[in-house]
Structure formats: structure tokens, C-alpha cells
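Report on the structure
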Amino acid sequence: MPAYYLEAFTVVLGIVLLMIEAFGPSHSKKAIGLSAAAGLAFILVLSFFAYGPDSKPESDFAKWPLWNFYSFDNLARFYKGFALVCTALVILMSVDYRSVLSRYTDHPESESGTGEYYALPVFACAGMMWMASAKDLAGAFVALELVTITFYILVAYMRRNVGSLEAGVKYLILGALSTGFLVYGIAWIYGTTGTMNLAMIAERIGSIENTTPLLFGVGLILVALGFKIGAVPMQVWIPDVYQGAPTPTTAFLSVGSKAAGFILLIRFLEPLMKVGSPVAGPITIMLIVMAGATVLFGNFAAIAQTNFKRLLAYSSIAHAGFLVLALAAWTPDTATELGSVGTVSFYLATYLLMTLAAFFVLAQVRVQSDSEMIDAFDGLGKRSPMLAVSMTVIMAALAGIPLTAGFLGKFFVFLLAANAGLWWGVVLAAIGAAAGFYYYFKLIRSMWWNEPADDAKPLVLPKISSYCVATLTIAILVLGVWPQPILWLLGLQAGA
């Protein structure tokens, strides 16, 4: 099956879901959410049978003009699967969160205003999948805007909640600003190189005598993509938007949108950071400064937080800093060793497991206690011991405790940066990681050391959330000692 069918099937799925929402029963929209997740799972299976032009290099199929804009390699396959898994899990989270959605959309006893909430992430997923295959800055921009416009709606979806509306306005304004930076940066690069095709940019860089205009364009694009990945200086929207948006939307922003930003950043940097590139050195400096500032800001700002959702927002900023550090230490991947692209991809895969698991639990805390504060977890070890154990594993992994997937992700980043001689980046990242132990373990202390409130009840997860949290927790532990499944998906045979 040609690879571009995957995006086509995803868009068709989204349209079908909207038709079901419009003409189906209005009292319950659960079936739409479950259908969306099942459809995405089916497309994920199809992705293993998809192929690109390399499979038939001499045929007319390989000469089709679309392949000038669309690539399908191991990296594209991996990030398409990443987008599908992330979107399916977010939709399943939304199914168990629908009581809150109903309360702030149409009517507390009706789900008639929630059906689109399960279809919109599917369209965002299609944009993320196209971004993974982008070979041209124009195509990447269109895919990015599809994702961004969808998130404008998802963030402000709870129209009767002031926090959600405020978050939507902030995201819209800063999102439009970042789009301006992106388009202006693309214009500078096109004016310097005469092309928007990434492969042709790589060919023409060596013949450019004055690289200042090119670097200016690169700087503008880094600022714009910094908005997507949550890196300094475009991180200011994250805490307020994460806190105000519906919890499944926050989870989708934290994982899906961030991964989409990084795959686009990887595709953009590949031709610029190749061996012998005259702009590789200045870009490395930009990335180191961005990484150091992001790691320190995210980790130090998270220390004082009492709202768990807001804490995860600053944590998201901090993790973006570690990922940018891996890109600053640009090293090509080999068949047996992780380079920058492989390290970022592995880190994002483990980040998906940890973050979505945390948000599954937080969503039910919001549903059952109407709170997102850390003290809502007080005494969880006595109220729901098994769930507290899962949350302990999740928080330990986010902090980077050994024998968890989170530890391996950070270890690969530190190893890559050390091998590249980026010692200032290593020191700043170590300081940030140390600060992370404090605020992640603050939640563990709340669960196991603090006494539950007098009116506190056991936290019981619905079946869907329970199965998802259990699966994600087990995956965190398994990948902490056996990372090969992710490495195989990336086309690597061994770890770093």
C-alpha cells in the first residue's frame, strides 16, 4: 500500500466521525470516541505494510511528482505510528473525561456538544503524519497549520469555562505570532537558497558566500518551532494554556504537538547540520543557548507549583530542553548507534508513555474530585494503593530514576552531549535534572506520607483508563531494561 494512503485514510476517518456525530444519537457520544480509537488502531496496523518509492525505484510509481514533497523512510514510519498511538490514547482519555466536557459545553446531562471533540484530534493526527514525511518547507508549513488550527479549537472547547476560553485566546495570539516568524524565516531561506526543498537546500548551502541572511532565517524558524516544542523564548504560553485547556487536550499538546514540532525541526536541521556545512557551528550555538535556558527555566519554575497540571506544564518545558540539547550535539545515526535523531525519537517515545499515563490519572482526579491540585493526591497510597504504585513509577520515570524508560532517555542525551564536547550543556542539564527530582517526588510524598482528607474517597479508574495506565506503566518498566523494541522501530539494531 502506498504510504500516502495513511494520511488519506486518517482524513476520511475524521470526516466519517463528523458525519456520525451529526446524524447519530445525541444522548451519548462514547461510541464516536471508541470508533475513532479503533479506526486509528487499524491505520496503525496498515502503516506496517506501507511502502514508499524506494521499494520500486525504477517504476512509474517512484517517479510520481508527489514524492518530491513526501518521503517515507524509517523515521517517517516511526513518527506516523507515534502520532497514531498518541491520538488514539488521547481519544480514549477523552471518553472517560466526557462528564467534564458535557458540563462545560452543552448541558451536564447531555453529550450533544462533545461529539466533535473525538473527531478533531484525528485531523490533527493527519497533519502530524504529513509533517513526518515533509520534504519541502511549504508542505511542512501547511501540515503544521492543520495541526495548529485544530488545537485552537480543542484548547477553547469548554466554552462555558473561563479558564478554557482564556487559554484559547492566549494560544491563538501566540500561535499566530509564531506562524509569522515561521513564514518570514522560510522567506529568508528561500531568498538565500532559491528553493524550499530541503534536499536542494543541502546542495546549495556550500555555494553561499554570505551566510548571514540564511542564519537569520534559521533563527526565525527556530523561534517559531520553539513555540511548538515549548522551548525558550516561546514557552510563556504553556503554563496557562495547559492549565485552562481540557485535560485530554493538554495531554495531546504535551506529547503530540511537541513530537510534531521536533520531527519538523529534525527534517529542517538535517540539511543544515551535515558535515562541512558552513552554518552548522552558529546553529549549534543557537541550540545550546536554547537548550540551557529551557532546561533551567522549566525545572526551576516547576519547583514552586502546587497545581499538578501546571507542574506538568513546566515539566514539559524542561523535557524540551533535554531534547534540544540532543539536537545541539548533532551526530548522525548509524546502524548500531544512536545519533541525535535516534536519541530524540527514543526520548519522545518514552515521554509519551510517562506523560500520557500521568494525564490519564489526572483526568480522573479532575472528574472525581473536581481538583487538579497536588493535595488532591494526599493519602492516595491508603485510598488506592495500586494506583499510587503506578503513579510512583510514572513520577520516578519522569525524574529519570534508573530501571525506568525515563532514565534511558536522559542517559542517551547526556552521553550524546558529552561525546560532542558540549560540557556546558551537560552541566546545565544535570542541574535541571537534579531540580526535577524535587518536584516529581513532591507528588510521591503527597501520595505516601500525607494523610488523606476527611472526605476523601478512593480513586477508582474506569476500565478504559485503568487498562491504559496499567499498560503504560508496564511499558515504562520494560523499556527501562529492554529498549530494543523502540530501537527496532527506528531501524537500529542496538543501543548507544
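Overview of the structure. (Residues numbered from 1 in each chain as written. Predicted model: local features only at pLDDT ≥ 70, side-chain atom pairs only at ≥ 80, totals over all residues. Heavy atoms only, no water.)

Glancing now at helix α5 (residues 116-132). Relative to the 24 Å expected for 17 residues at 1.5 Å per residue, α5 spans 25 Å between its end C-alpha atoms, a close match to the ideal helical length. With 15 of 17 residues buried, α5 is to be regarded as a mostly interior element. (Helix = DSSP H or I, 4+ residues; strand = E, 2+ residues; numbered from the N terminus. Expected span 1.5 Å × (residues − 1). Buried < 20%, exposed > 50% of the residue type's maximum accessible area, 1.4 Å probe, protein only.)

Turning to its location among the elements, Leu 34 is positioned in helix α2 (residues 30-47). Owing to a relative accessible area of 34%, Leu 34 belongs among the partly exposed residues under this scheme. Residues Leu 34 and Asn 419, spaced 385 residues apart in sequence, show a C-alpha to C-alpha distance of 46 Å. Residues contacting Leu 34, with those up to four places away along its chain left out, are Leu 92, Val 95 and Ile 464. (Contact = heavy atoms within 4.5 Å.)

In this model, helix α17 (residues 405-419) (15 residues) spans 21 Å end to end at C-alpha, consistent with the 21 Å of a helix rising 1.5 Å per residue. Looking at α17, one finds that the buried residues are Ala 405, Gly 406, Leu 408, Gly 409, Lys 410, Phe 412, Val 413, Phe 414, Leu 416 and Ala 417.

This part is about the environment of Leu 472. Secondary-structure assignment places Leu 472 in helix α19 (residues 463-481). Overall, the relative accessible area of 6% leaves Leu 472 in the buried class. Put simply, Leu 472 and Thr 355 are 117 residues apart on the chain and 9.6 Å apart in space, counted from C-alpha to C-alpha. For Leu 472, the contacting residues outside a window of four places in its chain are Leu 89, Leu 353, Leu 356, Ala 357 and Phe 360.

What follows covers the nonpolar core. Counting residues in each nonpolar core, the largest one holds 184 residues, and the members touching the most others are Phe 308, Leu 356, Phe 377 and Met 395. In terms of residue count, helix α14 (residues 340-369) provides more of this core than any other element does, 19 residues in total. Apart from residues no more than four positions distant in its own chain, Phe 377 is found in contact with Phe 308, Val 361, Leu 362, Val 365, Arg 383, Met 391, Leu 443, Ser 446 and Met 447. (Core = buried A, V, L, I, M, F, W, Y, C linked by side-chain atoms within 4.5 Å.)

Interhelical geometry of helix α1 (residues 5-23) versus α2 gives an angle of 165° and a closest axis separation of 10 Å. On the basis of the axis angle, α1 is roughly antiparallel to α2. As α1 runs across α2, the sense of the crossing is right-handed. Residues Leu 6, Phe 9, Thr 10, Leu 13, Leu 17, Ile 20 and Glu 21 of α1 form the contact with α2, whose own contacting residues are Ile 32, Ser 35, Ala 36, Gly 39, Leu 40, Ile 43, Leu 46 and Ser 47. (Axes fitted to C-alpha atoms, helices over the stretch in contact; angles between N-to-C directions. Parallel < 35°, antiparallel > 145°, perpendicular 65-115°, else oblique. Left-handed = near helix turned anticlockwise from the far one by under 90°.)

What follows covers the packing of aromatic side chains. Pairs of aromatic rings are described using the distance from one ring centre to the other and the angle between the two planes. All told, the structure shown has 27 aromatic pairs when counted by the stated rule. Relative to Trp 237, the ring of Phe 227 lies with its centre 4.9 Å away and its plane at 35°, an arrangement referred to as tilted. You can see Phe 227 sitting in helix α9 (residues 212-229) and its partner Trp 237 sitting in the loop between α9 and α10 (238-244), a full 10 residues away along the chain. The pair Phe 227 / Trp 237 is uniform in exposure class, with both members buried. Centre to centre, the rings of Trp 237 and Tyr 242 are 6.1 Å apart; their planes meet at 70°, and the pair counts as edge-to-face. As far as burial versus exposure is concerned, Trp 237 and Tyr 242 are alike and both buried. One cation-aromatic arrangement involves Lys 410 over Phe 322; the distance from NZ or CZ to the ring centre is 5.1 Å. (Phe/Tyr/Trp six-rings, centres within 6.5 Å; stacked < 30°, edge-to-face > 60°. Lys NZ or Arg CZ within 6 Å of the ring centre and 35° of its normal.)

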